[in-house]
Every structure is written in structure tokens, then in C-alpha cells.
Amino acid sequence: MSSSYDFVIVGAGIIGLTVAFELRKRHPSASIIILDKESDVGLHASGRNSGVLHSGIYYGNDTLKAKVCSAGAIRMRAFADEYGIACNRSGKVIIATSESDLHTIDRLLINASNNGISAQRMDEIAIQEIEPYATPYKAGIYCPDTAVIDSSSVVRRLYSLLKESGVSFGFDSAVIGFAEKTKSLKTVRGSYSYGYLFNCAGAHADRIAKLFGQGHDYTMIPFKGIYYKLRPEKNHLVRSNIYPVPDIKLPFLGVHLTRVINGDVFVGPTAIPAFGRENYGVLEGIELSEAVNISSELIKMYFNNVSNFRLLAHTEIRKYLKPWFVKSAQKLMRGLKSEDLVPSSKVGIRPQLVNVKTSSLEMDYIIEQTEDTLHVLNAISPAFTSSFAFSEWIVDQSGRV
Ligand SMILES: Cc1cc2nc3c(=O)[nH]c(=O)nc-3n(C[C@H](O)[C@H](O)[C@H](O)COP(=O)(O)OP(=O)(O)OC[C@H]3O[C@@H](n4cnc5c(N)ncnc54)[C@H](O)[C@@H]3O)c2cc1C
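Cut-offs applied
- Residues numbered from 1 in each chain as written.
- Predicted model: local features only at pLDDT ≥ 70, side-chain atom pairs only at ≥ 80, totals over all residues.
- Helix = DSSP H or I, 4+ residues; strand = E, 2+ residues; numbered from the N terminus.
- Rg over C-alpha atoms; globule rule 2.2 N^0.38 Å.
- Contact = placed C-beta atoms within 7 Å.
- Buried ≥ 20, exposed ≤ 12 C-beta atoms within 10 Å, placed from the backbone.
- Arc of directions from axis to C-beta.
- Near = placed C-beta within 6 Å.
- Nonpolar A, V, L, I, M, F, W, Y, C, P; charged D, E, K, R; others polar.
- Pairing = 2+ DSSP bridges.
- Axes fitted to C-alpha atoms, helices over the stretch in contact; angles between N-to-C directions.
- Parallel < 35°, antiparallel > 145°, perpendicular 65-115°, else oblique.
- Left-handed = near helix turned anticlockwise from the far one by under 90°.

1. Some remarks on the overall build of the protein
Within the protein, the secondary structure is distributed over 10 helices and 21 strands. Its C-alpha atoms give the protein a radius of gyration of 21 Å, within 12% of the compact-globule value 21 Å for 401 residues. Counting only C-alpha atoms and orienting by the principal axes, one finds that the protein spans roughly 65 × 50 × 40 Å. A separation of at least 24 residues holds for 74% of the contacts in the protein among residues at least 6 apart in sequence.

Right under this line is the structure:
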């Protein structure tokens, strides 16, 4: 069975959905289908994240992330307002935990000023007026525009709006191949020929890109993000969001404390190297052949110390053990006790691209294109925040304006 569409999108995560949203605005009568291997929308990264709309302070003004993060947050907040989705502009503090962080604070404030982001340097006392239980080392930054949002409501609302606007969905339709002659995508449920194809397959986007001769400079390493929660009687310890000053050489922000929409406080996520793209449990989601490839890549990264990977591996793997996890949270709040934290079922995987030519972790979003296909690679955090603005940019790049 073969069907034909003007636009075929692979992936019903936030990027695939917002690309479809943008296409529908520009092409009211085009035929559009979103294919996903799962039976519903948003079952991977887009439904397993911290739900924080970031301000964009972490990114230098020469990056694509800087271009679309704060613009995306504004668009996402407007979308939430329009459709009655819970979104709380609760702000965030980023706190120094050691002397070496003070220099990074200056660097982040330069990013804020270059990117037109509202951010204020604060001393310990001013930070504690905002977050009384946080224990900064000397200083920190307050970002008033950071918000938390109910990310699964965003995904579900997009799904219903897209269906109402005539966008088709093909669930349980894993893409398994591509026939160049007929310009069609093979799935486990049939083939789809396309006028233009957007590959928004998240953790699997590099695999699909390779079917089209794209993405050859990259390999993908999954990093597992596990969370704990505060016991409900301890939720008062966190008013909004408390983040550490990050290591700006790495694409991860560090274990943080986030009060989500329903008032629960999540602590996490980790960035522990994982052995499969969907390795959410201990052994779940591990394919043997891929686990072997990932392991050999991890060993190479360890020995070559790619992007300071050795330190990352040492500090992150230990966080599987609760005492080490708690230690990382106590850097933000010295008074936190192990018994204040309870396990949470929330776990996500961050598919991180490694550039095999430069031996480095890719820090920015990457797209690659052929004449009639576009591949969104490395849609890592803050791609949820960025999504509306990022997808507008993606559709511009496709030339299908
Ligand atoms: C632990 C964690 C915390 C995060 N916190 C934040 C945050 O606070 N703020 C923020 O902005 N971002 C955050 N992020 C990042 C953000 O969630 C992701 O960048 C974003 O959701 C990526 O969206 P996506 O659509 O590219 O991928 P996904 O949501 O993973 O969607 C990809 C889709 O493609 C489908 N697919 C894959 N392969 C195939 C195939 N072969 N055939 C058909 N379908 C296929 C999958 O089933 C999936 O539905 C976080 C991520 C994680 C993991």
C-alpha cells in the first residue's frame, strides 16, 4: 500500500508537531502526515522533560539556540495563554557553588545582554530573598522570565489542533527504509511518497538521516536523565527553579530543583551515559548490536577525554547511587537530607550527537538537507522551549515558504 502526501513528517514529538503547525499556517490546503512508531504523540523526550521554558541565557549569540530559545519561549507562553494551558512564569535562580563558577556567571550575563534576555546578578542575600533555602556560594543570577509549563498539555493540544486542521497521523508506523526511485518512505505499515520530507525523529533522527546519505559526521550517545522528587511536606523548600551554574563546555545543565505546575518539586535530571536510545530502565530499550557500538564510542570518548568526558562520566555514573545524587542536590541546598528525596518514575533520554571528525559533543541544533528532505539532528535541550521558533526557522530553511 502506498499513499502520497505533499509533506511527510517523521516524529510526533514537539518538533514534528510544531513543524506541522507551521506548515499548516503557510499551506492551508497541503496534504500533511505525521508518522510515528508509537501509538500516541509525545511518548519520548517531549513527554519526559523538566517542563522548563528556558530564557536562553546559556547560549552565545552566534548559536542557533540563542536565535530560537527566547523567541520560542515567548511563542510557547502565548500558545499556553491562547489555549488555557497551565504555564507559570515563576523565574529561576542560577547559583554559584564554587569560586570557579563566578567567572561563568559573568559569561552568562554577557550572553543575556547580547541576546536581550532579562537577567540580574545577585549576591547570596538577594538570592535567598527569592529562594530562602538555596545556599549559593557568594553569587548567582536571577532570570525572571523562566517559566514552567505542562508540556504534555502542549503536545496534546497541538495534536488536536492539527487533526482539526486536516493533518493526518500514522501511528505504529516505524520508518524502516527509503526507496529513492519512487521518493517514498517505507514504514512497517506501508509506504508514503512525499513532496518534501521532514525528519524530526528525535533520538532516531541520525539513523533516518543516514538512509538519505546525511549525518555521516555524527554518532549518537544517549544520556539518561533520572529524577527524584521532594516529599510533599518538603515542597516548601523550593519556590520556583534552582539551577547550578553549568559547565559551559557541556550540553547539560546539571541536577536542579524545579517546582512543576502541580506543585511537586522534581530534583534532577542526571546525564548518565546509557546503552540504548530508549534505555529508560536498567536493561529496557537496549539493542545488543547498538549497545556494543555505544560502548566502544564511550570508551573512545573516555580515553580521548572528549569535551571533558572523563569528569562527566565519573560524576554522573555515581548518581545512580542515591547518596551521590543527594550530594549533587545538596550543592544547591545544603540543608537537604537524603530522606527528603523519594524516587520518581520520570526518566528521559537525551540523544546527544558526537562529531566523529572533531571528536566533540555537538552543543547546538544541527540540520542537514537534500533537495527535498530536511533532517533535524541534535534537537537537545532546550528544543522544547525553542520549538515554535525553531520550527518556523526549519520551514524557512526548507524553502517551502
Ligand atoms: C530529562 C530531560 C529533560 C529535559 N528538560 C527540558 C526542559 O526543561 N526544557 C526544554 O526546553 N527542553 C528540555 N529537554 C529537551 C526536550 O525535551 C527535547 O529537546 C525535545 O522534546 C525534543 O523533541 P523531538 O520532537 O525532537 O523528540 P521526541 O520528543 O523524542 O520525538 C521524536 C519522535 O520520533 C519518533 N520516532 C523515532 N524514530 C522513528 C521511526 N523510525 N519511525 C517513526 N517515528 C519515529 C519517536 O517515537 C518520537 O515520538 C529535556 C530532555 C530530557 C530528556
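2. Digging into the environment of Pro 273
Residue placement: Pro 273 occurs in strand β17 (residues 272-273). C-beta crowding within 10 Å serves as the criterion here: with 21 such atoms nearby, Pro 273 is assigned to the buried category. For the pair Pro 273 and Lys 224, spaced 49 residues apart in the sequence, the C-alpha separation amounts to 6.1 Å. Apart from the residues within four sequence positions on either side, Pro 273 is in contact with Ile 221, Phe 223, Leu 298 and Ala 313.

3. Re helix α8 (residues 309-317)
Of all the residues in α8, the buried ones are Phe 309, Leu 312 and Glu 316. The buried residues of α8 occupy an angular sector of 60 degrees when projected down its axis, which confines them to one face. Against the buried residues of α8 lie β17 and α7 (288-304).

4. What about the site of the ligand?
Around the ligand, the surrounding shell holds 41 residues, and the nearest of these are Gly 13, Gly 202, Gly 225, Gly 348 and Ala 383. Elements supplying a minimum of two residues to the shell around the ligand: α1 (14-26), β18 (341-355) and α10 (383-398). Classifying every residue of the shell around the ligand gives 21 nonpolar, 15 polar and five charged.

5. Some thoughts on the sheet that holds strand β4 (residues 87-88)
An order of β3-β8-β4 is seen for the three strands of this open sheet, with the pairing classed as antiparallel. Each edge of the open sheet is held by one strand with a lone partner, namely β3 (52-53) and β4. Of the pairings in the sheet, the one linking β3 to strand β8 (residues 147-149) comprises two bridges and is antiparallel in character. Looking across to β8, one finds that Val 52 is bridged to Val 148.

6. Observations concerning the pairing of strand β13 (residues 218-230)
Extensive coverage of β13 is indicated by the burial of 12 of its 13 residues. Across 12 bridges, β13 lies against β18 in antiparallel orientation. Among the inter-strand pairings, Ile 226 is bridged to a residue of β18, identified as Val 347. Where β13 and β17 come together, two bridges link them in antiparallel fashion. The residue of β17 that forms the bridge with Lys 224 is Ile 272. Pairing geometry for β13 and strand β16 (residues 265-268), over two bridges, is antiparallel. Across the sheet, residue Lys 229 finds its bridge partner in β16, namely Phe 266.

7. Considerations on the packing of α1 against α10
In contact at an axis separation of 8 Å, α1 and α10 are set at 40 degrees when each is read in the N-to-C sense. With respect to α10, the axis of α1 lies oblique. Crossing of α1 over α10 shows right-handed handedness. Contacts between α1 and α10 involve Ile 14, Ile 15, Thr 18, Val 19, Glu 22, Leu 23 and Arg 26 from the first element and Ala 383, Phe 384, Ser 387, Phe 388, Ser 391, Glu 392, Ile 394 and Val 395 from the second. Per-class residue counts for the contact of α1 with α10 are nine nonpolar, three polar and three charged.

8. Some points on the packing of helix α2 (residues 64-83) against α10
One way to put it is that α2 packs onto α10 with a least axis distance of 5 Å and a crossing angle of 115 degrees. Here α2 lies roughly perpendicular to α10, going by the angle between them. Considering only the axes of α2 and α10, their crossing is right-handed. Counting all contacts with α2, which are made through Lys 65, Val 68, Cys 69, Ala 71, Gly 72, Ala 73, Arg 75, Met 76 and Phe 79, the residues of α10 involved are Thr 385, Ser 386, Ser 387, Phe 388, Ala 389, Phe 390 and Trp 393. Classifying every residue of the contact of α2 with α10 gives 10 nonpolar, four polar and two charged.

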